[in-house]
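Structural characterization, general
As a plain string of letters, each chain reads:
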Amino acid sequence: AQKITQTQPGMFVQEKEAVTLDCTYDTSDPSYGLFWYKQPSSGEMIFLIYQGSYDQQNATEGRYSLNFQKARKSANLVISASQLGDSAMYFCAMREGIIVQGAQKLVFGQGTRLTINP
Amino acid sequence: NAGVMQNPRHLVRRRGQEARLRCSPMKGHSHVYWYRQLPEEGLKFMVYLQKENIIDESGMPKERFSAEFPKEGPSILRIQQVVRGDSAAYFCASSPPSSGSTDTQYFGPGTRLTVL
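All residue numbers refer to positions counted from 1 along the written sequence of the respective chain. Each chain takes a letter, starting from A, and each ligand takes a number, starting from 1, following the order in which they are written. Selection of residues for local features in this predicted model requires a pLDDT of at least 70, selection of side-chain atom pairs for listing and counting requires 80 or more, and totals for whole chains, interfaces and linings are taken over all residues. Here the side-chain values reflect all heavy atoms present in the structure, with hydrogen atoms and water set aside.

1. Let's talk about the overall build of chain B
- Numbering of helices and strands runs from the N terminus, with a helix taken as a DSSP run of H or I at least four residues long and a strand as a DSSP run of E at least two residues long. Of regular secondary structure, chain B possesses zero helices and eleven strands.
- N-terminal to C-terminal, the α/β element order of chain B is β-β-β-β-β-β-β-β-β-β-β.
- When the backbone C-alpha atoms are referred to their principal axes, chain B occupies close to 45 × 25 × 25 Å.
- Within chain B, contacts between residues separated by at least 24 positions form 53% of all contacts whose residues are at least 6 apart in sequence.
- In chain B, the 16 positive side-chain charges and the 11 negative ones have mean positions that sit 8 Å from each other. By definition, residues are in contact when any of their heavy atoms lie within 4.5 Å. Counting rule for charge: Lys and Arg are taken as positive, Asp and Glu as negative, and neither His nor the chain ends is counted. Charge positions are represented by NZ for Lys, CZ for Arg, CG for Asp and CD for Glu.

Below, the structure is given as structure tokens:
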């Protein structure tokens, strides 16, 4: 079974609109972390936002927020007031288990290609 | 504070040659991870290292691939006798010694390996 599922291969959004990128995950471990990364056409991986499984509130970082619904095992990324520079691939990732000696491996979804239209 | 450094950014090898990819973690980071990304796919974990130790190599192919993170110098991912299927982007990430909640991995710009 897929650990991380991103069901939207591609999305097209008008500039200044809000956009939600879907991510569902599968784990039986009570302790885990969820991450979103952005990969522009230049290829680098840019960390956007993190949500821990025990965090009581949804994470926010500027225009990015994470809609964390634990019972549904979903961790959707919301980008408010989209900009042309938001056009990129977006990856959801999960780390399972208790941190013992630093972070453990990340499992990535297949990604969503977001295109912002002017 | 410099980010994660990887070199070379692009590497071309012929089948049968060796490829050496280097990664210098962020200052203060002692944990290094290597991931591979095939075209139009997500990243796949390969190996997790700390200084002079391989912690988790569950994602490494059993043959031709090796990784090290010596006491001094960068981490090296080495691919011997490359084949066309090794063509991919190889990303290195680093994280600090466990600081509690986040332990975010910060990625380098990647090395694009092309095998002719």
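2. Observations regarding the sheet that holds strand β7 (residues 65–68) of chain B
Residues and elements named next belong to chain B.
- A pair of strands is treated as paired once DSSP finds two or more bridges between them. Spatial strand order, β1-β3-β8-β7: four strands in an open sheet with antiparallel pairing. Either end of the sheet is taken by a strand with one partner, and the two such strands are β1 (5–7) and β7. Direction aside, neighbouring strands of the sheet carry axes that sit 15° apart on average.
- By the bridge criterion, five bridges tie strand β3 (residues 19–24) to strand β8 (residues 75–79) in an arrangement that is antiparallel. Across the sheet, the residue bridging to Ala19 is Ile79, located in β8. Helix axes are fitted to C-alpha atoms over the stretch in contact, other axes to C-alpha atoms as well, and angles between N-to-C directions run from 0 to 180 degrees.

3. Regarding the pattern of salt bridges
Residues and elements named next belong to chain B.
- The working definition used for a salt bridge is a side-chain nitrogen of Lys or Arg within 4 Å of a carboxyl oxygen of Asp or Glu. Under the criterion given, the structure shown has seven salt bridges over all chains.
- In this structure, Glu18 and Arg20 form a salt bridge, with 2.9 Å as the shortest nitrogen-oxygen distance.
- Between Arg78 and Glu18 there is a salt bridge, with its nearest N and O atoms 2.9 Å apart. Placement of Arg78 in strand β8 and of Glu18 in the loop between β2 (10–13) and β3 is noted, with a sequence separation of 60 residues between them.
- When a residue's accessible area, from a 1.4 Å probe over protein chains only, is under 20% of the maximum for its type it is buried; when over 50% it is exposed; and in between it is partly exposed. The exposure class of Arg78 is partly exposed, given its relative accessible area of 26%.
- The class for Glu18 is partly exposed, based on a relative accessible area of 30%.
- One salt-bridge network, in which partners are shared between bridges, spans Glu18, Arg20 and Arg78.

4. Quick word on the interface of chain B and chain A
- With 29 residues of chain B in contact, the opposing surface of chain A contributes 22 residues.
- By convention, the term buried area covers the 1.4 Å-probe accessible surface removed from two parts as they join, with the contributions of both added. Of the roughly 1900 Å² buried between chain B and chain A on both sides combined, carbon and sulfur atoms contribute 52%.
- On the surface where chain B and chain A come into contact, there are one salt bridge.
- Taking the shortest distance from any N to any O, the salt bridge between Arg113 of chain A and Glu40 of chain B comes out at 3.5 Å.
- Think of a polar contact as two N or O atoms within 3.5 Å of one another; within protein, one of them needs to be a possible hydrogen donor and the other a possible acceptor, and neighboring residues in sequence only count if both atoms come from side chains. The tally of links between chain B and chain A comes to six residue pairs in polar contact (both at pLDDT 80 or more).
- Of all elements in the fold, only β4 (31–37), β5 (43–50), β9 (88–95) and β10 (106–107) of chain B reach the threshold of two or more residues within the side of chain B that touches chain A.
- Ranked by the residues each element gives to the side of chain B that touches chain A, the list is headed by β5 of chain B, at five residues.

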